[in-house]
Amino acid sequence: MALRARALYDFRSENPGEISLREHEVLSLCSEQDIEGWLEGVNSRGDRGLFPASYVQVIRASAAEPPPPARYANLPVGGFEPLPPPAAFKPAAQQPPPAAAPEPFPVPPSAAGYPFPPAPYGGSYQPSQGSDDDWDDDWDDSSTVADEPGALGSSYPDYEAAGGGASSRYRLSTRSELSLGSRGAGGHPGGHTHPPGGGSAKSSATVSRNLNRFSTFVKSGGEAFVLGEASGFVKDGDKLCVVLGPRGPEWQENPYPFQCSIEDPTKQTKFKGMKSYIAYKLVPSHTGQQVHRRYKHFDWLYGRLAEKFPVISVPHLPEKQATGRFEEDFISKRRKGLAWWMDHMCSHPVLAQCDAFQHFLTCPSTDEKAWKQGKRKAEKDEMVGANFFLTISVPTGPGASLDLQEVESQVDGFKAFTKKMDESALQLNHTANEFARKQVTGFKKEYQKVGHSFKCLSQAFELDQQPFSAGLNQAIAFTAEAYDAIGDLFADQPRQDLDPVMDLLALYQGHLANFPDIIHVQKGALTKVKESKRHVEEGKMELQKAEGIQERCNIISFATLAEINHFHKIRVRDFKSQMQHFLQQQILFFQKVTQKLEEALHKYDSV
């Protein structure tokens, strides 16, 4: 008996290795054993590949020829991992008919041109491992005491008092009998309980899941939240409020603003001098208590924040370096990069108040137990993924709703802006780097060559022993020294003006690399709203279900627009300050050059 199946619904292939199906089409199966919800077979057009098992019904009929051999027959159930995968294709779980996926926001091609490499997204983030900060001590042991009281944020009482204690908790859930993400009859998760297009009740249609289970929209938890599958307890102190400001949605300002300096990087040792590392002194303004942190502590914190906040641009850390990490220039450059990173962290209304960040800033360096408690609690945070979106509180009431078409237009405009900014930042970074190189090597060499020529002329004139020529000889020799000093000024100048500009560009390259994922989450939510509206118009979905999807999409849109507005606000502040500093340093530089030339000129007055 040959294995055959009849297609229950239409299916359009979107990845290499898949085949398309037409409703009522009869297919030949390679095997009745599904691979993570996918079957392999041959359709009526002779195409061979994978298709969702939930889209077909297996039938048994006589056949003259045996079914074609299964290419994946040796793979265990539940462990499908094609090697190598065809293109970017990976099978997903059983899926209902797909909606049109939003066009992914491409990572800027210039991302590799900056010293701050883009980090992996959210849940897939792994702290970078380098030779300078190996996880080789009991700071990261396997013990956990996160459940002990006061493990996180206890040293920051003002925020706890403002946000409410642990008793100020309430349960939020997007699950209900009307939830679009709930299981339909027959147990198919989020799938059709009846064939689409049939004469069924309105409640038969649901918004489909993305077939690409590795997309940012899915991994961030955005899809699960929009489909109504998130539920959890949210403390008042965990709420992230979006308010309507003069420029649109904005994050509510931090009621306790503060800054934190990073000073005195020092080389320290442990294991009786066998292990060396650099420790940085942090002094938060709201506590005044200094703590010491290694780069690996920064790296751990970045990983937690990148995973927790899928719609917030967590600034990237300066890059690691395997060799020369104890050299003075590298340590100085890293400290400046960390200072920029810390400034952006403290300036963000949400990141600055995050419990993990406060623990990082306030936990005493010598209290190992308290550090481990806070670290473990941060790693057990339940308000991540889809549950994170439950913590976002948005404006309500008349005039507080967003026009989705206008939101889409604003996001598209910002997408074009980031692309252009990335291109221009790359160009400026390249130009500044090339100009700095010329100043350090070329300009210095040329000015000192001129100075050497003047010195040779002075030495030649000294052969004349006439007293009246001595003054001229000395003036020319001083001119030679002036040009030699001007060459040194050129070599030293880039670290005063151009290097800070390039440091700022590097920091913003990290932000620009973050926004494609943020925009992709918002675009994915908009796609689900459009699909639900289409179902309502076709009479396949109840209006209440569609309104629930739109309400949850509004939450993501509010957060996205708030983050965009914060980016623009901080961008204007940073580039205004940096351009002022650049021009001030340029003026000082040319004043020094002018002073050297004037001093040389005055030497000729007495000749």
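Structural data are supplied above this passage.
Owing to the predicted nature of the structure, the values given are computational and were not obtained by experimental measurement.

## Some points on the pattern of salt bridges
Okay, so step 1: Going through the model one piece at a time under the given rule, you end up with 24 salt bridges.
Okay, so step 2: When the shortest N-O distance is used, the salt bridge between Lys 375 and Glu 379 registers 2.8 Å. One end of the pair is Lys 375 and the other is Glu 379, both in helix H7 (residues 368-379) and four residues apart, which spans about a single turn.
Okay, so step 3: Exposure remark for Lys 375: the relative accessible area of 1% places this residue in the buried category.
Okay, so step 4: Of the charged contacts in the structure, one is a salt bridge between Arg 573 and Asp 574, with a shortest N-O distance of 2.7 Å.
Okay, so step 5: On the basis of relative accessible area, Arg 573 is assigned to the partly exposed category, the value being 33%.
Okay, so step 6: Looking at Asp 574, the relative accessible area reads 3%, which means it is buried.
Okay, so step 7: One network of salt bridges, in which partners are shared, links Glu 25, Arg 45 and Asp 47.

## Some points on the packing of aromatic side chains
Okay, so step 1: In the structure shown here, the tally under the stated rule is 25 aromatic pairs.
Okay, so step 2: For the pair Phe 309 and Phe 388, a centre-to-centre distance of 5.6 Å together with 85° between the ring planes defines the contact as edge-to-face. Pair noted here: Phe 309 is in the loop between helix H4 (295-308) and helix H5 (328-347) and Phe 388 is in the loop between H7 and strand E13 (392-393), with a separation of 79 residues, a long-range link.
Okay, so step 3: In this structure Phe 388 comes out as buried when scored by relative accessible area, which is 0%.
Okay, so step 4: Connected via pairs of aromatic rings, a cluster forms that spans Phe 435, Phe 443, Tyr 447, Phe 454, Tyr 483, Phe 490, Phe 589 and Phe 590.
Okay, so step 5: The ring of Tyr 277 is capped by Arg 294, whose NZ or CZ atom sits 4.1 Å from the centre of that ring.
Okay, so step 6: Here Arg 334 stacks its cationic end above the ring of Tyr 295, 3.9 Å away from the centre of that ring.

## Points about the packing of helix H8 (residues 404-461) against helix H11 (residues 543-602)
Helices that pack against each other are described as a pair by the angle of their axes relative to one another and the distance between those axes.
Okay, so step 1: Running from N to C, H8 and H11 point in directions that differ by 35°, and their axes come no closer than 11 Å. Handedness of the H8/H11 crossing: left-handed. Packed against H8, whose contacting residues are Leu 404, Val 407, Gln 410, Val 411, Phe 414, Phe 417 and Met 421, the element H11 presents Gln 550, Cys 553, Asn 554, Ser 557, Leu 561, Ile 564, Phe 567, His 568, Arg 571 and Phe 575 at the interface.
Okay, so step 2: Tallied by class, the residues present in the contact of H8 with H11 amount to eleven nonpolar, five polar and one charged.

## A word on helix H6 (residues 355-362)
Okay, so step 1: The buried fraction of H6 amounts to seven of the eight residues, a majority that puts the element mostly inside the structure.
Okay, so step 2: Of the positions making up H6, those classed as buried are Ala 356, Phe 357, Gln 358, His 359, Phe 360, Leu 361 and Thr 362.

## Let's talk about the pairing of strand E9 (residues 248-251)
Okay, so step 1: Pairing between strand E8 (residues 240-245) and E9: four bridges, direction antiparallel. Within E9, the position partnered with Val 242 by the bridge is Trp 251.
Okay, so step 2: Hairpin geometry of E8 and E9 is characterised by an intervening segment of two residues between the two adjacent antiparallel strands.

## Some words on unusual backbone geometry
Okay, so step 1: Non-glycine residue His 24 carries a positive phi angle of around 75°.
Okay, so step 2: As for its placement among the helices and strands, His 24 is situated in the loop between strand E1 (2-7) and strand E2 (26-29).
Okay, so step 3: Given the relative accessible area of 56%, His 24 is considered exposed.
Okay, so step 4: Here Asp 264, not a glycine, exhibits a phi torsion of approximately 45°, which is positive.
Okay, so step 5: Inspection of the secondary structure puts Asp 264 in strand E10 (residues 260-270).

## Regarding the side chain of Thr 479
Okay, so step 1: Position of Thr 479 relative to the elements: it lies in helix H9 (residues 470-492).
Okay, so step 2: Contacts of Thr 479, omitting those with residues within four sequence positions, involve Phe 454, Ala 600 and Tyr 604.

## Some words on the sheet that holds strand E11 (residues 275-284)
Okay, so step 1: Taken together, three strands build an open sheet; the order of strands is E10-E11-E12 and the sheet is antiparallel. Each end of this open sheet is capped by a strand with a single partner; those strands are E10 and strand E12 (291-294). Taking the axes of each pair of neighbouring strands and ignoring which way they run, one obtains an average angle of 35° across the sheet.
Okay, so step 2: Here E11 runs beside E12; their pairing, made up of four bridges, is antiparallel. Within E12, the residue paired with Ala 279 across the bridge is Arg 294.
Okay, so step 3: Sheet strands touched by H5: E10 and E11. Its angle to E10, the strand with the most contacts, is close to 135°.

Rules used in this analysis
Residues numbered from 1 in each chain as written. Predicted model: local features only at pLDDT ≥ 70, side-chain atom pairs only at ≥ 80, totals over all residues. Heavy atoms only, no water. Salt bridge = Lys/Arg side-chain N within 4 Å of Asp/Glu carboxyl O. Helix = DSSP H or I, 4+ residues; strand = E, 2+ residues; numbered from the N terminus. Buried < 20%, exposed > 50% of the residue type's maximum accessible area, 1.4 Å probe, protein only. Phe/Tyr/Trp six-rings, centres within 6.5 Å; stacked < 30°, edge-to-face > 60°. Lys NZ or Arg CZ within 6 Å of the ring centre and 35° of its normal. Axes fitted to C-alpha atoms, helices over the stretch in contact; angles between N-to-C directions. Left-handed = near helix turned anticlockwise from the far one by under 90°. Contact = heavy atoms within 4.5 Å. Nonpolar A, V, L, I, M, F, W, Y, C, P; charged D, E, K, R; others polar. Pairing = 2+ DSSP bridges.

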